[in-house]
Amino acid sequence: MAKKIFSGVQPTGNLHLGNYIGAIKNFVDLQNKKDNQCIFCVVDLHAITVRQDPKELKNNIRETTAAFLASGIEPEKSIIFNQSLVPAHSEGSWILGCVARMGWLNRMTQFKEKAGKDKEKASIGLYIYPVLMAADILLYDATHVPVGEDQKQHLELSRDIAQKFNLDFKSPNFFQTPEPLIQKNFARIMSLKDGKKKMSKSDPSDLSRINLKDTKDEIVNKIKKAKTDNEDMPTDESKLNNRPEIENLLSIYSSLSNQNIKNTIEQFSNKNFSEFKAQLADIVVEIISPISEEIKRLEKDTQFIDDILLNGSQKAEKIAKLKVEKLKKIVGF
Ligand code: TYM
């Protein structure tokens, strides 16, 4: 069945292997399936929920767009745009914010993590961020939303908002309830330094992640230094219990070589760690280095990138504006 796909990535710099494996790689696969309609958004309105340097933000919007293109998202097949160029997102988000309940937002674990101890000082934007995310998805009648595991709760909130709106305003099918598309084994790529922590752009240690713009030498070095343990390579999946670092490295290898973990375990069961790490470094370099070089090439051509975003936003605007007009009518404006 044809799917309507929507997903977004924040332009906050340091795009990493977790973003690639958990999200962007999947975007490309979905785009290349017949009949799917895909919309991929650089969510700059989300980015300003924490303080951004204006100049850096502009560069990061272009860099994230370049990363989409370099990874294989094609503007001829998918709509690529940045959120702030389409005012319907902000308008829709306000209306949905009047449908969502405080109690629902209070449960969002990502707010708790990001706000930290001093949540009184967090921006209101950070708190209502999942409502904006619901607007992003619902305005395009998206049926499927490819994301990493960390966005699952936000997706569930989008579904709750859609259902409550439909019910409150007696408009049974106005909003679609979107399905998350979360890849089973690759939805949570972990830090290279601590297998219990998610790979994240905000980790102070650069050695914890492979950035999409890392050089070959940096990649090789980071994999060499990645944490492992003193046991042998596992011989079957049951041997992965309590070995999160090993499981993570095997997942990365499996995703990039398009095979399941079971096959990867078999492939390396009688090898030692240094052999496995060498081959892991090879495959990461093979996949990520061309992307890295292409990002660096593309982001120099700011006019080209800006044109893609402008063009994509015009297409997105057509869809989202129409939905917001209908939404306003239902609400009584
Ligand atoms: P963001 O920008 O934090 O991350 C972009 C995508 O990368 C995934 N991801 C990971 N996947 C696996 N392992 C990791 N370590 C890892 N780190 C990040 C995220 O799950 C995400 O899919 N709120 C969203 C952006 C957003 C959005 C939307 C997504 C805004 N509106 C509408 C879908 C639909 C976010 O902050 O993603």
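In what follows, the structure referred to is the one given above.
Now for a description of the structure that goes with this document.

Definitions and cut-offs
- Residues numbered from 1 in each chain as written.
- Predicted model: local features only at pLDDT ≥ 70, side-chain atom pairs only at ≥ 80, totals over all residues.
- Heavy atoms only, no water.
- Near = heavy atom within 4 Å.
- Polar contact = N/O pair within 3.5 Å; in protein donor to acceptor, adjacent residues only side chain to side chain.
- Areas by Shrake-Rupley, 256 points an atom, 1.4 Å probe, with all protein chains shown as cover.
- Nonpolar A, V, L, I, M, F, W, Y, C, P; charged D, E, K, R; others polar.
- Core = buried A, V, L, I, M, F, W, Y, C linked by side-chain atoms within 4.5 Å.
- Buried < 20%, exposed > 50% of the residue type's maximum accessible area, 1.4 Å probe, protein only.
- Helix = DSSP H or I, 4+ residues; strand = E, 2+ residues; numbered from the N terminus.
- Contact = heavy atoms within 4.5 Å.
- Pairing = 2+ DSSP bridges.
- Salt bridge = Lys/Arg side-chain N within 4 Å of Asp/Glu carboxyl O.
- Right-handed = clockwise from strand over helix to strand, strands pointing away.
- Axes fitted to C-alpha atoms, helices over the stretch in contact; angles between N-to-C directions.
- Parallel < 35°, antiparallel > 145°, perpendicular 65-115°, else oblique.
- Left-handed = near helix turned anticlockwise from the far one by under 90°.

## A word on the site of the ligand
Thought 1: Among the 27 residues in the neighbourhood of the ligand, the closest are listed as Q10, Y129, D136, D150 and I189.
Thought 2: In this structure, Y129 approaches the ligand through a side-chain N or O atom, which is 2.5 Å from an oxygen atom.
Thought 3: For the ligand, an oxygen atom lies 2.8 Å from a polar atom in the backbone of G148.
Thought 4: Protein chains bury 97% of the 710 Å² of accessible surface belonging to the ligand in isolation.
Thought 5: For the shell around the ligand, the per-class residue count stands at 12 nonpolar, 10 polar and 5 charged.

## Considerations on the nonpolar core
As a rule of thumb, nonpolar side chains are buried together in soluble globular proteins.
Thought 1: Counting 58 residues, the largest nonpolar core has F68, I252, F276, L280 and V284 as the members making the most contacts within it.
Thought 2: Examining the composition of this core, we find that 11 residues originate from one element, helix α12 (residues 273-300), more than from any other.
Thought 3: Once you skip the residues sitting within four places of it in the chain, I252 turns out to touch L17, I21, I189, L192, L280 and V284.
Thought 4: If you look at the next biggest cluster of nonpolar residues, it comprises 22 residues, including L96, A100, L105 and F165.

## Section: the pairing of strand β3 (residues 78-82)
Thought 1: The element β3 is largely enclosed, with a buried count of 5 among its 5 residues.
Thought 2: Going residue by residue along β3, you find S78, I80 and N82 tucked away on one face and I79 and F81 tucked away on the opposite face as well.
Thought 3: Bridge count for strand β2 (residues 37-42) against β3 is 5 bridges, and the pairing is parallel. Looking at the pairing, C38 lines up with S78 of β3.

## Topic: the side chain of Q110
Thought 1: Note on placement: Q110 falls in helix α6 (residues 109-115).
Thought 2: Dropping the residues within four chain positions of it, Q110 is found in contact with Y129, D150, Q151, Q153, H154 and K198.

## Quick look at the pattern of salt bridges
Thought 1: Summed over the entire model, instances satisfying the criterion amount to 21 salt bridges.
Thought 2: Between K222 and D214 there is a salt bridge whose closest N-O contact spans 2.7 Å. Per residue, the accessibility class of K222 equals that of D214, and both read buried.
Thought 3: Via salt bridges that share partners, D206, R209, D214 and K222 belong to a single interconnected network.

## Some thoughts on the environment of K224
Thought 1: Checked against the element boundaries, K224 lands in helix α9 (residues 216-225).
Thought 2: Take K224: its relative accessible area is 63%, and that puts it in the exposed class.
Thought 3: Linking K224 and A281, residues 57 residues apart in sequence, is a C-alpha distance of 8.1 Å.

## Details of the environment of Q279
Thought 1: You can see Q279 is positioned in helix α12.
Thought 2: Remark: the alpha-carbon pair of Q279 and Y253, spanning 26 residues in sequence, is separated by 8.6 Å.
Thought 3: Beyond its immediate stretch of four places on either side in the chain, Q279 contacts Y253, Q267 and F268.

## A few points about the side chain of N60
Thought 1: Within the secondary structure, N60 sits in helix α3 (residues 54-71).
Thought 2: Of the residues examined, N60 reaches a relative accessible area of 10% and is grouped as buried.

## Some details on unusual backbone geometry
Thought 1: Unusually for a residue other than glycine, D141 sits at a positive phi of about 50 degrees.
Thought 2: Residue placement: D141 occurs in the loop between α7 (124-138) and β4 (144-146).
Thought 3: Of note in the backbone geometry, N258 takes a positive phi value of approximately 50 degrees without being a glycine.
Thought 4: With respect to the element layout, N258 can be found in the loop between α10 (244-256) and α11 (261-268).

## A few points about the pairing of strand β1 (residues 4-9)
Thought 1: One ladder, built from 6 bridges, connects β1 with β2; its direction is parallel. Pairing of G8 across the sheet is with C41, part of β2.
Thought 2: The β-α-β motif built from β1, the intervening helix α1 (residues 17-31) and the parallel element β2 has right-handed crossover chirality.

## Some details on the packing of α7 against helix α8 (residues 152-168)
Thought 1: The contact between α7 and α8 brings their axes to 9 Å, and the two run at 70 degrees. Classed by the angle they form, the pair α7 and α8 counts as roughly perpendicular. In this structure, α7 crosses over α8, and the sense of that crossing is right-handed. Contacts between α7 and α8 pair Y129, P130, V131, M133, A134, I137 and L138 from the former with H154, L155, L157, S158, I161 and A162 from the latter.
Thought 2: Class assignment for the residues of the contact of α7 with α8 results in 11 nonpolar, 2 polar and no charged.

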